[in-house]
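Results of the structural survey
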Amino acid sequence: MINTYNESSLHQSLKIIYARKEAGLKNWEKLNQNDSEIQLNGQKDVDFTSPDIDLNKLDIDLNKLIEQKIQLVSESTGKKHEYICDIVTKDKKVIEIQTANLHSLTSKIMDFTAGKIHVKVVYPVTIKKYIQTFDESTGKITMRKSPAKKNIYNGFFKEATAFTPLLCNRYFSLEVLEIVCIEDRIKTEEPVQSKNGRRRFQKNWVKTGKRLKELGKSHVFNGKKSWLNLLPKGINKEFTVNEIYKKITESGIKTTRNECSLLVWILFHGKIIQRVGKEGNSYKYSIS
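Predicted model only: the values in this text are computed from it and were never measured.

Among the residues of helix α5 (residues 241–250), those classed as buried are V241, I244 and I248. Relative to the axis of α5, the buried residues are bounded by an arc of 60° and lie together on one face. Exposed side chains of α5 directed beyond 90 degrees from the buried face belong to K246 and E250. One or two steps after α5, the chain reaches G252, where phi turns positive at roughly 95°.

Encoded structure:
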């Protein structure tokens, strides 16, 4: 039986979907917009918008892929480690689902690639969010669309800095998956602190989880050329961060100069671009 290790509903959903894909099941990615359930061969299956996914409904073949163990010698410690992987494919490739904090995966991924094990990290980016609130006092449930919108140029690059040593590693790939999600909240009678204690000011609600609603576009990064696709079209042979920022925003994509600075930092430290001089106080770069 699959052990969920206190995973979020979103993590579980993506893990099952990618396992289905690897198992060759039909309609693995299709979400029915009416009832938000995955359809398999015309039959209703796992409800991925539920905070409690019934893992007993999984196809038996998926249990051969999900949460398998791999033993290898750690490159950093020299000791043998046993890693539990989200998915191990039939050809022994690893798929790891990570919904936040990519840095926590770094040593694990480095050990896989050092052991010549192909590993893909799937990282979801929420491009649209719905907020569902349960009022404890009345029992009423409300749903609204969040005005916040994100894209691959908004919030992802800070996470991606963890993998700069691996950008051109043949055994590593990163898939950034655009999703639509539902954030669950509970409305409280009195203002409270968040579970992680990060609120500067208390609010009258707490977040209880995040669920998958729809799958969107996938961006796969595996090697130099795929990372260079993040640079805007029409950029000069030599460029600065400001020029990158201007070109991206002119194309209609919302981002910030700081995000563009992080993009350049990642490509530079990943040895995909190089510094070729300065223009005033700004570094100039070109493709390596």
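So, on to the pairing of strand β5 (residues 94–97). Residues V94 and E96 point to one face of β5 and I95 and I97 to the other, with burial holding for every one of them. Taking the residues that link successive antiparallel strands as the turn, the strand β4 (residues 80–88)-β5 hairpin has 5 residues, and the phi of K92 there is positive, at about 65°. As paired strands, β5 and strand β6 (residues 119–135) are joined by 4 bridges and run parallel to one another. By the bridge assignment, I97 is partnered in β6 with V122.

Before going further, it helps to spend a moment on the nonpolar core. In this structure, I109, F112, F156, F163, L174 and W227 are the most contacted members of the largest nonpolar core, which totals 44 residues. Per-element accounting of this core gives the leading share, 5 residues, to helix α6 (residues 257–269). Sequence-distant contacts of F112, that is, excluding residues within four places in its chain, are made with I70, L72, Y83, C85, V94, I117 and V119. If you look at the next biggest cluster of nonpolar residues, it comprises 15 residues, including L10, A19, I66 and I95.

A few words on the packing of α5 against α6. For the pair α5 and α6, interaxial distance at closest approach is 9 Å and the crossing angle is 120°. With respect to α6, the element α5 is oriented oblique. Note that α5 runs across α6; the crossing there is right-handed. Side by side, α5 and α6 meet where V241, N242, I244, Y245 and I248 of the first sit next to R257, C260, S261, L263 and V264 of the second. Considered class by class, the residues forming the contact of α5 with α6 number 7 nonpolar, 2 polar and 1 charged.

What follows covers unusual backbone geometry. Note on backbone geometry: most residues besides glycine have negative phi, and most peptide bonds are trans. The phi dihedral of N101 is positive, around 55°, even though this residue is not glycine. Residue placement: N101 occurs in the loop between β5 and α2 (106–114). Positive phi is not limited to glycine here, since K271 has a value of about 60°. The exposure class of K271 is exposed, given its relative accessible area of 70%.

It is worth spelling out the environment of Q202 at this point. Its location among the elements puts Q202 in the loop between β8 (172–192) and β9 (203–221). Residue classification places Q202 among the partly exposed positions, given a relative accessible area of 48%. Along the chain, Q202 and V192 lie 10 residues apart, while their C-alpha atoms are 4.9 Å from each other. Dropping the residues within four chain positions of it, Q202 is found in contact with P191, V192 and Q193.

Turning our eyes to something else, we now look at the confidence of the model for the chain. Model confidence for the chain is summarised by a mean pLDDT of 83, while 83% of its residues fall at 70 or above. Here strand β1 (residues 37–40) stands out as the least confident element of the chain, with mean pLDDT 39; α6 is the most confident, with 97. Across residues 31–44 the pLDDT falls below 50, and counting only partners more than four positions away or on other chains, this stretch makes 36 contacts in the model.

Rules used throughout
Residues numbered from 1 in each chain as written. Predicted model: local features only at pLDDT ≥ 70, side-chain atom pairs only at ≥ 80, totals over all residues. Heavy atoms only, no water. Buried < 20%, exposed > 50% of the residue type's maximum accessible area, 1.4 Å probe, protein only. Helix = DSSP H or I, 4+ residues; strand = E, 2+ residues; numbered from the N terminus. Arc of directions from axis to C-beta. Pairing = 2+ DSSP bridges. Core = buried A, V, L, I, M, F, W, Y, C linked by side-chain atoms within 4.5 Å. Contact = heavy atoms within 4.5 Å. Axes fitted to C-alpha atoms, helices over the stretch in contact; angles between N-to-C directions. Parallel < 35°, antiparallel > 145°, perpendicular 65-115°, else oblique. Left-handed = near helix turned anticlockwise from the far one by under 90°. Nonpolar A, V, L, I, M, F, W, Y, C, P; charged D, E, K, R; others polar. pLDDT = per-residue confidence, 0-100.

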